[in-house]
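# Overview (structure and organization)
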Amino acid sequence: MAQIKFQSVTKKFGSNTALDALSLDVADGEFFVLLGPTGAGKTTALRLIAGLDTPDSGTIEIAGEDVHDRTAAERDVALVFQYYSLYPRYTVRQNLEFPLRSRTRNFTQAEIDQRVDQASKTLRITHLMDRKTDRLSGGEMQRVSIGRAIVREPRAFLMDEPLSNLDAKLREALRSELKELQIRLKATFVFVTHDQVEAMSMGDKVAVLNKGKLVQVGTPWEIYNRPRDLFVASFVGSPSMNLLPGTVSGGECSLFGGAQKLKMPVKSGASHVTVGIRSEDVEVGPDGPVEAVIHDVENHGVEKIVTLRVNDVLLKATVSSKMQTSVDANVRFGLDPDKAHFFDPASGVNLSA
Amino acid sequence: MAEIILKDIEKFFGSAYVIRKLNLTIRHREFVVLLGPSGCGKTTTLRAIAGLEEIDRGDILIDGKPVQGLEAGDRDIAFVFQLFALYPHLTAYENIAFPLRATRESKDNIDKKVRAVARSLQIEHLLDKRPSSLAGGDMQRVAIGRALVRRPKAMLMDEPMGALDAKLREEMRTELKRLHLENEATTVYVTHDQVEAMSMADRIAIMNDGILQQVGTPDEVYHHPANLFVAQFVGSPVINIAPAAIKTKGVALEVGFGDDAAGFDFPQELAAQIKASPAGSGDLTLGIRPEGVLLSHSGGEGFVPSKVHLIEPLGAYDIVDLRFGNTLLRARTKSGFAGKAGENVWARLDPSQTHFFNSKSGDSLHVRLGNGAN
């Protein structure tokens, strides 16, 4: 049980600033996701919590205590990595017992058995206990790695892309298992990923990092529906949010050479804005104000994603799988005015947020 | 421009039987995706078409002519790999021009061809750069440019986007598809990513363990999977699967989903269709995609009460997990439909979107109920 707090934490590796004055609040019992592309600093942040690296400046608190002088072992947090790091010649049971056999811990055999049994039930690996770990599938190995973290009953779980080596189906299954586990243990999870689907589907809160800086922190709903800037807008969501050039005059934004006009919800002195609209908020139909050519059709089974071309501008629209679509056909569409975002093209800041 | 016919192809690596009697016709100008998990034989098949791998039995015909006697270089086929395989000491321009060096074409002609390809790939501004100073997506564009510049009859691509990040992959999908339409080259594309396959292919050939499982359009493999493997490999989130327990209930049928059988109503005609199907004897498995699981806040005809177990918000929509006993049933709902875990909801299975499979063989019974859209 622990809240974790970053106060203006900076970490440099040589001339490279991995984390730049990062401040974060992870509440007790929260599933907190650090999301960002490679090089965003998310793994560095995790390693600083674990005590595997020390910050150059700023403080990190766990459960209200500055942990600067605490060793990794004293911090009582558990790390789960992308690669499973299990002992290959040991059985699953031996791997799970291992962290409890440390000399600093004095557990009786009964206590060890009780914790290992509990963890194996939680992770549904009771049938694998006597198997050597090199005989396990990827998903089973990752469950055992998580089990090794669980038996310690740490104050917080730190997970570094634990699902990224698994195939798509298993990743999906483990996503809900992990989330369920976190709810059941009521534990604090800090989960690092570059996969926005994982972040959205599991996180209570998502912190989006880019180039060592925190860009936005919020619920999945907030970062999807109220992106603070163009980076978050295009990083979160698949397909990426459409970003379109608009010209402003008299509180109105005009797109596609004036074919579509949107009322600006905010006053802005800018003459040009970038209009953001998600593919599901582009409505294709005969009454739409804008004419386009179908540039490409992607079948996604449950729906289709159509790329529309207006002069040189491309944008994507999600349509029903039943809609008849053929490449190079003409269609009409419009943007849902309530769902449009307006960004400053220079700074990238969302003007309506 | 080529028709590629694979006839009873077999391939062994030592004792491993990696391609098992594969039959597939790839039509002139078609975009066919070979889809399957690692080790399914898809790359071996592609390499066999290219002439990089010999087959043990069967025939490969390109435009009606057997090609086993032909070297890879004489098949007029271009290959694009996952790793970019560019010459590091040559510029992008020189890399693209490389395949033309032996064609005895005039410098002007070569220049025209290189620039035309670069224009269609939107890399004209990068032609003077060396690969090391290019981003991953641009490197792959150069590699594709090098393949296209000869105007080959067929393009073979082996996970060409595997090394790119998610956003770039999304963009490149559209680009590649457009390029295919403009170039008219028959394309065979290998991937393990079902989203890529669904969104790009004219037809998908799904393989597992060296065996071709199904060939069909994206709609066919998604809405009418031939077996359990295809049903589970295609589609995200994964199709819900559970043993089906079928009971008569008055004039209708009740189908239990999973061990602790929550009974869902099904039309009586299901019984006759099961009986008529060659795969219909023995234990059956029910499959339904998350969009076929209909949720309601208030219940009603045919709805079974349940509780929200977990909500996965994905922005444009939510995935709501329900539990029936030990069986997980996932539904796709509008964003924000379910408020929180523990909430009461009612669920119904749309019969027109429900699949039945023989549990033992995995084969679909091809049951079609109601006048569902598909």
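Only a predicted model underlies this, so the values are computations on that prediction, with no experimental measurement involved. (Residues numbered from 1 in each chain as written. Chains lettered and ligands numbered in written order. Predicted model: local features only at pLDDT ≥ 70, side-chain atom pairs only at ≥ 80, totals over all residues.)

### Examining the overall build of chain A
Selection rule: The secondary structure listing takes helices from DSSP runs of H or I that are at least 4 residues long and strands from runs of E that are at least 2 residues long, numbered from the N terminus. In this description, any two residues whose backbone-derived C-beta atoms lie within 7 Å of each other are considered to be in contact.
Along chain A, the regular secondary structure elements total eight helices and 20 strands. Along the first, second and third principal axes, the C-alpha atoms of chain A reach 75 × 45 × 35 Å. When contacts within chain A are restricted to residue pairs at least 6 apart in sequence, those whose partners lie at least 24 apart make up 66%.

### Side note on the overall build of chain B
We count it as follows: With C-beta atoms placed from the backbone, a residue is labelled by how many other C-beta atoms lie within 10 Å of its own: buried for 20 or more, exposed for 12 or fewer, partly exposed between the two.
For chain B, the helix and strand inventory stands at nine helices and 20 strands. Dimensions of chain B along its principal axes, counting C-alpha atoms only, are 80 × 45 × 35 Å. Looking at chain B as a whole, 44% of its 374 residues qualify as buried. Of the contacts made within chain B by residues no fewer than 6 positions apart, 65% connect residues no fewer than 24 positions apart.

### Focus on the environment of G139(A)
Residues and elements named next belong to chain A. Tracing the sequence through the fold places G139 in helix α4 (residues 138-150). Looking at G139, the number of C-beta atoms within 10 Å reads 18, which means it is partly exposed. Residues contacting G139, with those up to four places away along its chain left out, are L166, L170 and L174.

### Let's talk about the environment of R93(A)
All names here are of chain A. Following the sequence through the fold, R93 ends up in helix α2 (residues 92-97). Looking at R93, the number of C-beta atoms within 10 Å reads 20, which means it is buried. Distance from R93 to S120, taken between C-alpha atoms, is 8.8 Å for residues 27 residues apart in sequence. Leaving out residues up to four positions away in the same chain, R93 has contacts with V116, M129 and D130.

### Let's talk about the nonpolar core
The following threshold applies: Working definition: the nonpolar core is a set of buried Ala, Val, Leu, Ile, Met, Phe, Trp, Tyr and Cys residues, joined through C-beta atoms within 7 Å.
Counting residues in each nonpolar core, the largest one holds 102 residues, and the members touching the most others are V33(B), I96(B), L156(B) and V188(B). With six residues, the top contributor of residues to this core is helix α4 (residues 136-148) of chain B. In this structure V188(B) touches I26(B), V32(B), L34(B), L46(B), I49(B), A154(B) and L156(B), once residues within four positions along its chain are discounted. Counting 95 residues, the second-largest nonpolar core is a separate cluster that includes I125(A), I150(A), A199(A) and A233(A).

### Here's the deal with the sheet that holds strand β7 (residues 156-160) of chain A
Residues and elements named next belong to chain A. Put simply, the rule is: Criterion used throughout: strands pair if DSSP finds at least two bridges between them. Each axis is a line fitted through C-alpha atoms, taken for helices only over the stretch in contact, and angles between the N-to-C directions span 0 to 180 degrees.
Within the open sheet, the six strands sit side by side as β6-β7-β8-β3-β9-β10. Their pairing is mixed. Strand pairing shows two members of the sheet lacking a second neighbour, β6 (77-80) and β10 (213-218), which therefore form its edges. Taken pair by pair, the neighbouring strands of this sheet meet at an average axis angle of 15 degrees, ignoring direction. Judged from the four bridges that link them, strand β3 (residues 31-35) and strand β9 (residues 205-210) form a sheet pairing that is parallel. Looking at β9, one finds that F32 is bridged to K205.

### A short note on the pairing of strand β18 (residues 313-320) of chain A
For strand β17 (residues 303-310) of chain A and β18(A), the ladder comprises eight bridges, and the chain directions are antiparallel. Looking across to β18(A), one finds that T307(A) is bridged to K316(A).

### A closer look at the interface of chain B and chain A
Frequently, the measure chosen for interface size is the accessible area removed from exposure when the parts meet. Which entries qualify depends on this criterion: Residue polarity follows a fixed list, in which Ala, Val, Leu, Ile, Met, Phe, Trp, Tyr, Cys and Pro are nonpolar, Asp, Glu, Lys and Arg are charged, and the others, Gly among them, are polar.
Opposite the 30 residues of chain B that make contact, chain A presents 30 residues. At the level of secondary structure, the elements contributing two or more residues to the side of chain B that touches chain A comprise α5 (166-183), α6 (194-200), α7 (218-223) and β16 (304-313) of chain B. Broken down by element, the side of chain B that touches chain A gets its largest block of residues, seven residues, from α5(B). Taken together, the residues that form the side of chain B that touches chain A break down as 13 nonpolar, six polar and 11 charged.

### Notes on the packing of helix α3 (residues 107-121) of chain B against α4(B)
Residue and element names in this part refer to chain B. This is how the line gets drawn: Between 65 and 115 degrees an angle is taken as roughly perpendicular, under 35 as roughly parallel, over 145 as roughly antiparallel, and anywhere else as oblique. Note on convention: the crossing is left-handed when the near helix lies turned anticlockwise from the far helix by less than a right angle, right-handed when the turn is clockwise.
At their nearest, the axes of α3 and α4 sit 10 Å apart, and the two run at 135 degrees to each other. When the axes of α3 and α4 are compared, the pair comes out oblique. The handedness of the crossing between α3 and α4 is right-handed. Across the interface between the two elements, V117, A118 and L121 of α3 pack against R141, I144, G145 and L148 of α4. Residue composition of the contact of α3 with α4, grouped by class: five nonpolar, one polar and one charged.

### Re the pairing of strand β9 (residues 203-208) of chain B
Residue and element names in this part refer to chain B. Summarising the sheet, strand β3 (residues 31-35) and β9 pair through four bridges and their orientation is parallel. In the sheet register, L34 faces β9, and the bridge partner there is A205. As defined by bridge partners, β9 adjoins strand β10 (residues 211-216) across five bridges and the pair is classed as antiparallel. Paired with I206 across the strands is Q214, a residue of β10.

### Focus: the confidence of the model for chain B
Cut-off, in case you're wondering: pLDDT: the predictor's confidence for each residue, scored from 0 to 100.
Mean pLDDT over chain B stands at 90; residues scoring 70 or higher make up 97%. Two summary scores accompany this predicted model of the complex, namely pTM at 0.89 and ipTM at 0.86.

### A few points about the sheet that holds strand β18 (residues 327-334) of chain B
Residue and element names in this part refer to chain B. Read across the sheet, five strands follow the order β15-β19-β16-β17-β18 without closing on themselves; strand pairing throughout is antiparallel. Where the open sheet ends on each side, the last strands, each with one partner, are β15 (293-296) and β18. When the angles between neighbouring strand axes are averaged without regard to direction, this sheet yields 45 degrees. For strand β17 (residues 317-324) and β18, the ladder comprises eight bridges, and the chain directions are antiparallel. Paired with D321 across the two strands is R330, which belongs to β18.

### What to know about unusual backbone geometry
A cis amide bond links S238(A) with the next residue in sequence, P239(A), at an omega value of -5 degrees. Locating P239(A) in the fold gives a position in the loop between α8 (230-235) and β11 (242-249). Despite not being glycine, H366(B) shows a phi value in the positive range, around 55 degrees. With respect to the helices and strands, the residue H366(B) is situated in the segment after β20 (354-358).

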